[in-house]
Amino acid sequence: MPENQHATPPDVGVSDRPVTLAVLRQLLRTDWRGLPGSTLIVLSRDVEGNAYSPFASYSRSRYAPTYDDFTGEIFPLPDELEKDKELRELFTDIPDSAVPALVLYPLG
């Protein structure tokens, strides 16, 4: 294992399991607690590590795997749909499998 890469606790998502907010909070409290606040958060474009970009923004949405088990689409939250007629017209067919998600977006 490279010097700058650390093993993850057994309950932390690995390449075939997604990381939940609970696990992210655990990492912030334990493994990452001593990191300086200026530490850059960088996202990889894919699991092979092809291309990287700094974390830039996020949204609260719903996610559903629509292509396969590991790729899908995001959809507005119910309260967003309730407030916005245009969104309701745009998203008429949201899968029942859509679950609340915190979506992270890269800068580039």
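Relevant structure appears above.
My aim in this report is to walk through the structure given alongside it, one point at a time. (Residues numbered from 1 in each chain as written. Predicted model: local features only at pLDDT ≥ 70, side-chain atom pairs only at ≥ 80, totals over all residues. Heavy atoms only, no water.)

Moving on: the overall build of the protein chain. Within the protein chain, the secondary structure is distributed over three helices and four strands. Among the 108 residues that make up the protein chain, the fraction classed as buried is 16%. In the protein chain, the share of contacts with a sequence separation of at least 24, taken over all contacts with a separation of at least 6, comes to 42%. Summed over all atoms, the accessible surface of the protein chain reaches about 8,900 Å², with 55% contributed by carbon and sulfur. (Helix = DSSP H or I, 4+ residues; strand = E, 2+ residues; numbered from the N terminus. Buried < 20%, exposed > 50% of the residue type's maximum accessible area, 1.4 Å probe, protein only. Contact = heavy atoms within 4.5 Å. Areas by Shrake-Rupley, 256 points an atom, 1.4 Å probe, with all protein chains shown as cover.)

Here the focus is the nonpolar core. Grouped together as the largest cluster of nonpolar side chains are five residues: A64, F75, L81, I94 and A98. What A64 contacts, discounting residues up to four positions off in sequence, is G72, E73, F75, P95, S97 and A98. (Core = buried A, V, L, I, M, F, W, Y, C linked by side-chain atoms within 4.5 Å.)

Let us now look at a nonpolar patch on the surface. On the surface, a cluster of nonpolar side chains totalling about 390 Å² of accessible area is made up of L21, Y58, L102 and L104. Its location among the elements puts L21 in helix α1 (residues 21-29). (Patch = residues over 30% accessible without salt bridge, like charges linked within 9 Å, V, L, I, M, F, W, Y side chains within 5 Å. Salt bridge = Lys/Arg side-chain N within 4 Å of Asp/Glu carboxyl O.)

What follows deals with the packing of aromatic side chains. Geometrically, a pair of aromatic rings is defined through the distance of the ring centres and the angle of the planes. In total, this model carries one aromatic pair according to the counting rule given. For the pair F75 and F91, a centre-to-centre distance of 6.1 Å together with 85° between the ring planes defines the contact as edge-to-face. With F75 in strand β3 (residues 71-75) and F91 in the loop between α3 (85-90) and β4 (99-106), this residue pair connects regions lying 16 residues apart in the sequence. Note on F75: relative accessible area 10%, which makes it buried. Look at F91 and you get partly exposed, because its relative accessible area is 26%. (Phe/Tyr/Trp six-rings, centres within 6.5 Å; stacked < 30°, edge-to-face > 60°.)

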